[in-house]
Amino acid sequence: MKNLKFSKIKSKNLKLINFLRTIKEKNFLINKSFQNTPWIHFKDPRFVFHTIEISKKIIGLVVIIKFKNHDHLQFLYITQKYRSQGIGYKVIEDLLNKKRFTTVHVYKNLSNKVIKFYQKNGFKLSNLREKNLMLKNWISRCNNYNLETFKKKKLLYWTKQK
């Protein structure tokens, strides 16, 4: 896509605030507020926030958590008008470290299109019983953080093929 650019978000500026105000979809309303996720983690250095821009206009947001051994795609939002144009693929290709193990959680109430998008881009849907040690550790970490995680969300993962 022409003029597509990813920029790290360094501050909660007016351009970002104005973009958040444009989000109207029910499933993403909670993410508009700086009092909610992902913004409550803004000062945490493991969380890397990016805008997705076309011609200097924000059309989406990406938040990646960088752990020692893997990346976790914590939040991906692309304005409805720009979906299905290969932008999500570019996010995965350009912003996620494909040399590392990578995870993403998808709320169960979201469309199956979301799961299919990740699968089309190399992610596998977890049954939460895989033998992969990194995956087992991630599942355990998530459950230790919040036992409700996998009641509300599905886990997808990407790992380098042998």
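See the structure shown above.
Reading the values: the criteria
Residues numbered from 1 in each chain as written. Predicted model: local features only at pLDDT ≥ 70, side-chain atom pairs only at ≥ 80, totals over all residues. Heavy atoms only, no water. Phe/Tyr/Trp six-rings, centres within 6.5 Å; stacked < 30°, edge-to-face > 60°. Buried < 20%, exposed > 50% of the residue type's maximum accessible area, 1.4 Å probe, protein only. Core = buried A, V, L, I, M, F, W, Y, C linked by side-chain atoms within 4.5 Å. Contact = heavy atoms within 4.5 Å. Helix = DSSP H or I, 4+ residues; strand = E, 2+ residues; numbered from the N terminus. Pairing = 2+ DSSP bridges. Arc of directions from axis to C-beta.

1. Things to note about the packing of aromatic side chains
Pairs of aromatic rings are described using the distance from one ring centre to the other and the angle between the two planes.
Argument step 1. Per the stated rule, a full pass over the model turns up 11 aromatic pairs.
Argument step 2. Summarising the aromatic geometry, the rings of phenylalanine 117 and tyrosine 118 are spaced 4.9 Å apart at their centres and angled 70° between planes, so their arrangement reads as edge-to-face.
Argument step 3. For phenylalanine 117, a relative accessible area of 23% translates into the label partly exposed.
Argument step 4. With centroids separated by 5.5 Å and ring planes inclined at 75°, the aromatic side chains of tyrosine 118 and phenylalanine 123 adopt a geometry described as edge-to-face.
Argument step 5. Overall, the relative accessible area of 3% leaves phenylalanine 123 in the buried class.
Argument step 6. Here the aromatic residues Phe19, Phe28, Phe75 and Tyr77 are joined through ring pairs into a cluster of three or more.

2. Observations concerning the nonpolar core
The tendency in soluble globular proteins is for nonpolar side chains to be buried side by side.
Argument step 1. Judged by nonpolar contacts, the single largest core of 25 residues is most densely connected at Ile9, Trp39, Phe49 and Leu61.
Argument step 2. Here isoleucine 9 is in contact with Leu16, Trp39, Phe42, Phe49, His50, Thr51 and Leu61, once residues within four sequence places are set aside.
Argument step 3. With 22 residues, the next largest nonpolar core counts Ile59, Leu73, Phe123 and Leu156 among its residues.

3. As for the environment of phenylalanine 34
Argument step 1. Its place among the elements puts phenylalanine 34 in the loop between helix H1 (14-21) and strand E2 (47-54).
Argument step 2. Along the primary structure phenylalanine 34 and leucine 20 are separated by 14 residues, whereas in three dimensions their C-alpha atoms are 9.6 Å apart.
Argument step 3. Filtering out sequence-adjacent residues up to four positions away, phenylalanine 34 remains in contact with Lys12, Leu16, Ile17, Leu20, Trp39 and Ile40.

4. Here's the deal with the pairing of strand E4 (residues 70-78)
Argument step 1. Across the 9 residues of E4, 8 count as buried, placing the element largely inside the fold.
Argument step 2. The pairing of strand E3 (residues 57-66) with E4 spans 7 bridges and is classified as antiparallel. What sits directly across from isoleucine 64, in E4, is leucine 73.
Argument step 3. Linking two consecutive strands that pair antiparallel, namely E3 and E4, is a turn of 3 residues.
Argument step 4. Bridging between E4 and strand E5 (residues 101-107) involves 4 bridges; their strand directions are parallel.

5. Focus: helix H2 (residues 87-95)
Argument step 1. Listed in full, the buried residues belonging to H2 are Ile87, Gly88, Val91, Ile92 and Leu95. One face of H2 carries all of its buried residues, which in axial projection span an arc of 145°.

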